[in-house]
Amino acid sequence: MAAPMELYCWKGDWGLPSVDLDCLTVLTYAKFSGAPIKVHKLSNPWRSPSGQMPALRTHDEGVVFQTAQIITHLRKQKYNADYDLSAKQGADTMAFISLLEEKLLPALIHTFWVDAKNYVEHTRRWYAEAIPFPLNFFIPNQIHKRHLERLQLIRGESWREEDEALEKQLYVDAEECLTLLSCRLGGHSFFFGESPASLDAHVFSHLALILSVKLPSNRLQQHLKSLSNLCQYCSSILSIYFTRDGETFPRISPKTPTAESPEGEEEPNKRRNQILSVAVGLLSMVSYALLSGIVSIQRVSGDRALGRGVALEEEEEEDG
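Residues numbered from 1 in each chain as written. Predicted model: local features only at pLDDT ≥ 70, side-chain atom pairs only at ≥ 80, totals over all residues. Heavy atoms only, no water.

Asks: How should I be thinking about the overall build of the protein chain in this particular structure?
Replies: Helix and strand counts for the protein chain stand at 12 helices and 4 strands. Taking all 320 residues of the protein chain together, the buried fraction comes to 45%. The long-range share in the protein chain, meaning contacts at least 24 apart out of those at least 6 apart in sequence, stands at 70%. Summed over all atoms, the accessible surface of the protein chain reaches about 17,800 Å², with 52% contributed by carbon and sulfur. (Helix = DSSP H or I, 4+ residues; strand = E, 2+ residues; numbered from the N terminus. Buried < 20%, exposed > 50% of the residue type's maximum accessible area, 1.4 Å probe, protein only. Contact = heavy atoms within 4.5 Å. Areas by Shrake-Rupley, 256 points an atom, 1.4 Å probe, with all protein chains shown as cover.)

Written out as C-alpha cells, the structure reads:
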C-alpha cells in the first residue's frame, strides 16, 4: 500500500485546526473530499519541504505548495469534492471564489496584517511566540511582507496603507460580500445543497478566521455575527469535520519546559540539544542577515576601527 500524501501546514489555535487561511482551506477541502492525507502541523516553515505552508508531498509530482495546485492535485487523484456539481454550479464556484479573493480577502489581510493594533498586539505576537527562537526574529516579518504584497497585487497600484478612503471602501466591499454569501446560502447546509464542495472549503476558511479570533479591532466579525446562517454554517463544519476522534483545538498556552518535552527527556541530552539548537539557530540568523543585506561588513582603517561596530537592524519582538 502506497504511503499517504503528506500535508505540511501551520498548526491550529483559536479553536481552529490551522491559523493560516490557505492551510485551513486545504485541510477543509481534504476533509470534504476524503483524501488520505498525513498532516504535519508545524510552527516552523523551514520544516516544510518547500520552505512554506501549505505544502503537499505527493507520490508522483514531488512537492506542491500553492493552494489551487494542491486542490488540483487532489482532484487528479480522484478526491474531488465537486464531482456531483453541474456545469452551472461549477461556473458559480469559480465566480464566488473570485468574489472572495477580490472583496473579502483584502479586508481579511488588512484586519490581521495591516491594522496596526491588531498586528502588534495579536498577529505578530502570536507568530513570534509560536515560531522557535531565533527564527521568530525575522520569519514573522517575512510573512508580513508577503501578505502586504498579496494585498497590493489584489487591490492594484492605487492601494495605499495611509489612505483612509480606500481602507473604508475595502471594508464596505467585504461586508457586502458577506451579505451576498448569506443570501446565497439561505437555509441550506452548504452552498450547493446538503453536501460540501470546494466553494464551501474556501468560504469556511475565510469566515472561520473572522469569527474565531479575538482581535482588538474586528469590524468584519461584528458584521458577520449579524448573519446568523453563516455563523451556524461555520459551527456545523467545525463540529462535523474537525472534532472527530476527540480532535480539538484549544487556545495554546505559552510554552513551558513540561509542555515541550512530555516524555521527560534526560537532562544531559536535553541541555546538549538546547545548546546545539541555539548555536544552529544563531548561525542561521546571522547568515540570513548577511545574505539579505540587513548586516554589512566593511573594511576600515585601523584609526577608524576603534569605536565602530556593525549595526544589526531588527524590530523588537513583543513579549509573550
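Asks: Is there a simple way to explain the pattern of salt bridges in this structure?
Replies: Pairing between side chains of opposite charge can happen when their charged atoms approach one another. Tallied over the full model, the rule gives 8 salt bridges. Here Arg75 makes a salt bridge to Asp82, at a shortest N to O gap of 2.6 Å. For Arg75, a relative accessible area of 31% puts it in the partly exposed group. Residue class for Asp82 comes out buried when judged on its relative accessible area of 14%. Asp173 is paired through a salt bridge with Lys103; the nearest N and O atoms lie 3.9 Å apart. Taken together, the residues Asp173 in helix α6 (residues 164-185) and Lys103 in helix α3 (residues 87-114) connect sequence positions 70 residues apart. (Salt bridge = Lys/Arg side-chain N within 4 Å of Asp/Glu carboxyl O.)

Asks: Teacher, can you tell me more about the nonpolar core here?
Replies: Where a protein is soluble and globular, its nonpolar side chains tend to be buried together. Judged by nonpolar contacts, the single largest core of 83 residues is most densely connected at Trp10, Phe204, Leu207 and Tyr233. Among residues more than four places away in sequence, those in contact with Phe204 are Leu24, Thr28, Tyr233, Cys234, Ile237, Leu238 and Phe242. (Core = buried A, V, L, I, M, F, W, Y, C linked by side-chain atoms within 4.5 Å.)

Asks: What should I look at first to understand the side chain of Asp82 in this one?
Replies: Looking at the element boundaries, Asp82 is found in the loop between α2 (67-76) and α3. Aside from chain neighbours lying at most four places away, what touches Asp82 is Arg75, Ala197 and Ser198.

Asks: Looking at this structure, how should I read the pairing of strand β1 (residues 5-10)?
Replies: With 6 of 6 residues buried, β1 is to be regarded as a mostly interior element. Here β1 pairs with strand β2 (residues 37-42) via 6 bridges, running parallel. Bridge assignment links Glu6 to a residue of β2, and that residue is Lys38. Between the parallel pair β1 and β2, the chain is carried across by helix α1 (residues 21-33), and the sense of this crossover is right-handed. By the bridge criterion, 3 bridges tie β1 to strand β3 (residues 55-57) in an arrangement that is antiparallel. Considered in β3, the bridge of Glu6 is made with Arg57. (Pairing = 2+ DSSP bridges. Right-handed = clockwise from strand over helix to strand, strands pointing away.)

Asks: Got a minute to help me understand the sheet that holds strand β4 (residues 63-64) in this structure?
Replies: The 4 strands are arranged β2-β1-β3-β4 in an open sheet whose pairing can be described as mixed. Here the strands that pair on one side only, and so sit at the sheet edges, are β2 and β4.

Asks: Looking at this structure, how should I read the environment of Lys31?
Replies: As for its position among the elements, Lys31 is in helix α1. Measuring from C-alpha to C-alpha, the distance between Lys31 and Phe242 comes to 8.4 Å, with 211 residues separating the pair along the chain.

Asks: Explain the packing of α6 against helix α9 (residues 228-241) here, please?
Replies: In helix packing, the relevant descriptors are the interaxial angle and the interaxial distance, both defined with respect to the helix axes. One way to put it is that α6 packs onto α9 with a least axis distance of 8 Å and a crossing angle of 75°. Relative to α9, the element α6 lies roughly perpendicular. Note on element contacts: α9 touches α6 through Asn229, Leu230 and Tyr233, opposite Leu178, Leu181, Ser182 and Leu185. Per-class residue counts for the contact of α6 with α9 are 5 nonpolar, 2 polar and no charged. (Axes fitted to C-alpha atoms, helices over the stretch in contact; angles between N-to-C directions. Parallel < 35°, antiparallel > 145°, perpendicular 65-115°, else oblique. Nonpolar A, V, L, I, M, F, W, Y, C, P; charged D, E, K, R; others polar.)

Asks: Can you help me understand unusual backbone geometry in this one?
Replies: Keep in mind that most residues, glycine aside, have a negative phi and that most peptide bonds are trans. Residue Pro54 is bonded to the preceding Met53 through a cis peptide linkage, with omega at 10°. Relative to the helices and strands, Pro54 is located in the loop between β2 and β3. Here the residue pair Phe133 and Pro134 is connected by a cis peptide bond, since its omega of 0° sits within 30 degrees of zero. When you line up the elements, Pro134 lands in the loop between α4 (116-130) and α5 (139-155). For Lys78, which is not a glycine, the phi torsion comes out positive at approximately 75°. Turning to its location among the elements, Lys78 is positioned in the loop between α2 and α3.

Asks: What should I look at first to understand the state of the cysteines in this one?
Replies: Here, the word disulfide means a covalent bond between the sulfur atoms of two cysteines. Applying the stated criterion across every chain yields a total of 0 disulfides. Cys234 takes part in no disulfide bond, and the closest cysteine sulfur to it belongs to Cys231, at a distance of 6.9 Å. (Disulfide = S-S within 2.5 Å.)

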